[in-house]
Amino acid sequence: MTVAKAQALPLSVEFRQGETAASLASRLARRNGAPRAITFGSDVGLTYLGITNGEPDDVARLASLAGCSAMDLQRGTPQLTSPGWFRLGAETIKFTAFNRTSLKACPECLKEAAIPTDAAHFGIWQLTSVRTCIRHGCYLVPMPKARSNKDTFDFMHLCDQYDPIPSELANDADLKLENYLRDRVENGPGISWLDKLPFHVAAQTCEGFGLLLTQGAKFKRDDATPARWAKAGSAGFEVLRKGPDAFRRKLREIQEAHPVDNTQYRTRYRVFFEWLRHRDDDPAFDVIRDLVRDFIFKNFPISEGAIVLGKPCPEQYVHSLSTARSHYGVSGWKLARRLEAMGLATRNSSGRGFVLRRYVSTEIINDIVTDFDALLNASETAEWLGIERFMLTKLSNAGLISKYFADKNAYPHYHPREIERFFAVLRDLVAKNDTDKTYLDIPSASHRVRIPTERVVEIILRNRIALAISAREKVKFPNFLIAMEDLKGVIATDHEGTVRPTRAAEILNLNIRTIRKLLDQRHLIPREVTELQSGRKRRYVCAKSMERFRERFVSVTELSKQTGRLPGTEAILQLDRGIVPLPLGPRCNLIFERKTIK
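All figures in this text were calculated on a predicted structure; none of them were measured in a lab. Every chain's residues receive numbers from 1 upward, in the order its sequence appears when written. Note on the predicted model: pLDDT of at least 70 is required for a residue's local features to be given, and 80 or more for side-chain atom pairs to be given and counted; whole-chain, interface and lining totals, by contrast, use all residues. For side-chain calculations, the full set of non-hydrogen atoms in the structure is used, while hydrogens and water are omitted.

**A few points about the overall build of the protein**
Selection rule: Numbering of helices and strands runs from the N terminus; a helix is a DSSP stretch of H or I covering at least four residues, while a strand is a stretch of E covering at least two. We compute the radius of gyration over the C-alpha atoms and compare it with the globule rule, which gives 2.2 Å times the number of residues raised to the power 0.38. For each residue, the accessible area found with a 1.4 Å probe, counting protein chains only, is set against the maximum for its type, and the residue is called buried under 20%, exposed over 50%, and partly exposed in between. The contact definition used throughout considers only heavy atoms, calling two residues in contact when any of these lie within 4.5 Å. The protein chains shown are the only cover counted for residues, whose accessible areas, like all others here, come from Shrake-Rupley with a 1.4 Å probe.
When its secondary structure is counted, the protein shows 28 helices and 21 strands. Taking 25 Å as the expected radius of gyration for a compact globule of 598 residues, we find that the protein reaches 39 Å, considerably beyond that expectation. The principal-axis extent of the C-alpha atoms belonging to the protein is close to 125 × 60 × 45 Å. Taking all 598 residues of the protein together, the buried fraction comes to 47%. For the protein, restricting intrachain contacts to residue pairs at least 6 apart in sequence, the fraction spanning at least 24 positions comes to 61%. Accessible area for the protein stands at about 30,500 Å²; split by element, carbon and sulfur atoms hold 50% of it.

Written out as structure tokens, the structure is:
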């Protein structure tokens, strides 16, 4: 229904942009001698509820009485559009984002008012997350509580009871959230993840999460001052404006900032988690609740079926030592030792226990438990290898065969895949027998040259000496044979941990010029060695750097063997595809990074 336009009152006040209808009515009432805004409204045909709830007809009639724009007055007045929802500026906002039981005001604005009716109250000041006056940059202060609920929005009535309070300037760096919220009211939400959240969800989540970031998990919300709220809001906004992935990363940072112990997510995120838990009656927070709940399920040892933020955990994703031990019924000591070997656990300060670096995924625990069922003791492993236990100990101590538990005090156990790996390394060196050479099994050959067997194995692997094999099925360590001529020839020039450049060229199937360039550019690591026979210092090649080189790079010759194309054809094909070889210069072999090969 449209009401007739009212005549402007002869005694009026100057409308302030952003002012609420209730504020304007209160000032007009005082200017025209009415004791209260509610009685003034009754005298001029306005309803108190209509003015305070932004009813368009009442706002338009009041604007006519004040001689101002009804559109401007409506824009600064929270308008009840549906139960529990108000329209303010370009935003529709839930009532929980407002404080409509008491008002805040700027102490500097009140101080500057030459006469009481010069002071106005603005609609945006009703938002709980707006805590400063944009004109003066100071924090708003609470106005005295009205004696009657019907005078809550009667600003002049509240000013009568106001005692001046010193103003506190806000730090601009702490107003990022407030500036964002003001922009949403002025221009409406944008298109980012945060913009798509309802106004009250965006504002309150930034502040709730920000308290955790700025004040810590143990902080009590009731102790937060306006300055602390503003600082918290900006901190939370800086994270959430970057989207849900940034939110998860920050949750992870907070988790990793604390040692993995008996404290769970409730302790680490307490001030934020308790706030979120008490929002379970508002489905608008589901997007935040779901994100946090999913993070907790996947990053903390939550047992299947346990309730977090109203929903059960579908499965256990990670474990602590205690939950894994109880869930799988395995030895906690064995489990901890294995996790230590994997770099997932460390000894505690006393040296008697273990501490996890982070909770361990269920997949890893499943793999370890499966491994435990397959482990072999030292006797069983030695039997499989076809050697005595003392020889197994020597090979293990030299790092040629790894024990499953790295702890030197742990009883030696071995996994079958480690034995298979060791055999695979030896099989990779098997070549066609040279009938003109004398072959012996490796233990016998080591006895012949008077060098420990584990040392001979290291020399064989480092120099990639060709081997023969005396059996194709049920292979054991003594079945691998080495030509004595080859072994003696390498021993004469072998220097532990290094290889001659000419031998490196043979092993890598490259010319010597290429080897020298690779050493110059440190793709291969040079080592200065004093040769035993000549006493001269020579530049040799670090054997381990050769292994790393083979993992990272591939020569065009090796690539052509894999593809079946001629080396020249392979080189042209890769160059035409834009693959850039190492800049080694003329007369060097073409070498590409493996990751660039298409």
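**Regarding the packing of aromatic side chains**
Rules: Each pair of aromatic rings taken from Phe, Tyr and Trp, with Trp reduced to its six-membered ring, is defined by centres within 6.5 Å and is described as stacked if the planes are under 30 degrees apart, edge-to-face if over 60, and tilted in the remaining cases. Two limits define a charge over a ring: the Lys NZ or Arg CZ must be within 6 Å of the ring centre, and within 35 degrees of the ring normal.
Under the counting rule described, the total for this entry stands at 19 aromatic pairs. Measuring from centroid to centroid gives 5.1 Å for Tyr-404 and Phe-405, while their planes differ by 85 degrees, and the two rings are edge-to-face. We classify Tyr-404 as buried; its relative accessible area is 4%. Note on Phe-405: relative accessible area 5%, which makes it buried. Three or more aromatic residues link up through ring pairs in this structure, and these residues are Phe-209, Phe-247, Phe-272, Trp-275 and Phe-285. In this structure, Lys-298 packs its charged tip against the face of Tyr-317, placed 5.9 Å from the ring centre.

**Some remarks on unusual backbone geometry**
With a phi angle near 50 degrees, Leu-309 is a residue other than glycine that sits in the positive phi range. Structurally, Leu-309 is set in the loop between strand E6 (307-308) and strand E7 (311-312). With a relative accessible area of 12%, Leu-309 lands in the buried category. Positive phi, close to 65 degrees, is recorded for Arg-522, a residue that is not glycine. Relative to the assigned elements, Arg-522 resides in the loop between helix H25 (512-520) and strand E18 (526-530). On the accessibility criterion, Arg-522 (52% relative accessible area) is exposed.

**What to know about the pattern of salt bridges**
This is how the line gets drawn: Salt bridge, as used here: a side-chain nitrogen of Lys or Arg that lies within 4 Å of a carboxyl oxygen of Asp or Glu.
Across all of its chains, the model carries 29 salt bridges by this definition. Note that Lys-111 is salt-bridged to Glu-108, the shortest N-O span being 3.4 Å. Residue Lys-111 and its partner Glu-108 are both found in helix H6 (residues 107-112); the two are separated by three residues, about one turn of the helix. The class for Lys-111 is exposed, based on a relative accessible area of 62%. According to the relative accessible area criterion, Glu-108 is buried, its value standing at 18%.

**As for the sheet that holds strand E17 (residues 498-499)**
Rules: Two strands qualify as a pair provided DSSP detects at least 2 bridges between them. To obtain each axis, a line is fitted to C-alpha atoms, and for helices this fit is confined to the stretch in contact; angles are then taken between N-to-C directions over 0 to 180 degrees.
Taken in spatial order, the three strands make up an open sheet running E17-E19-E18, and their pairing is antiparallel. A single partner strand is all that each edge strand has here, and the edge strands are E17 and E18. With two bridges joining them, E17 and strand E19 (residues 537-542) adopt antiparallel strand pairing. Residue pairing for E19: Thr-498 is matched across the bridge by Cys-542. Packing of helix H26 (residues 543-552) onto the sheet brings it into contact with E17 and E19, and relative to E19 it is tilted by some 40 degrees.

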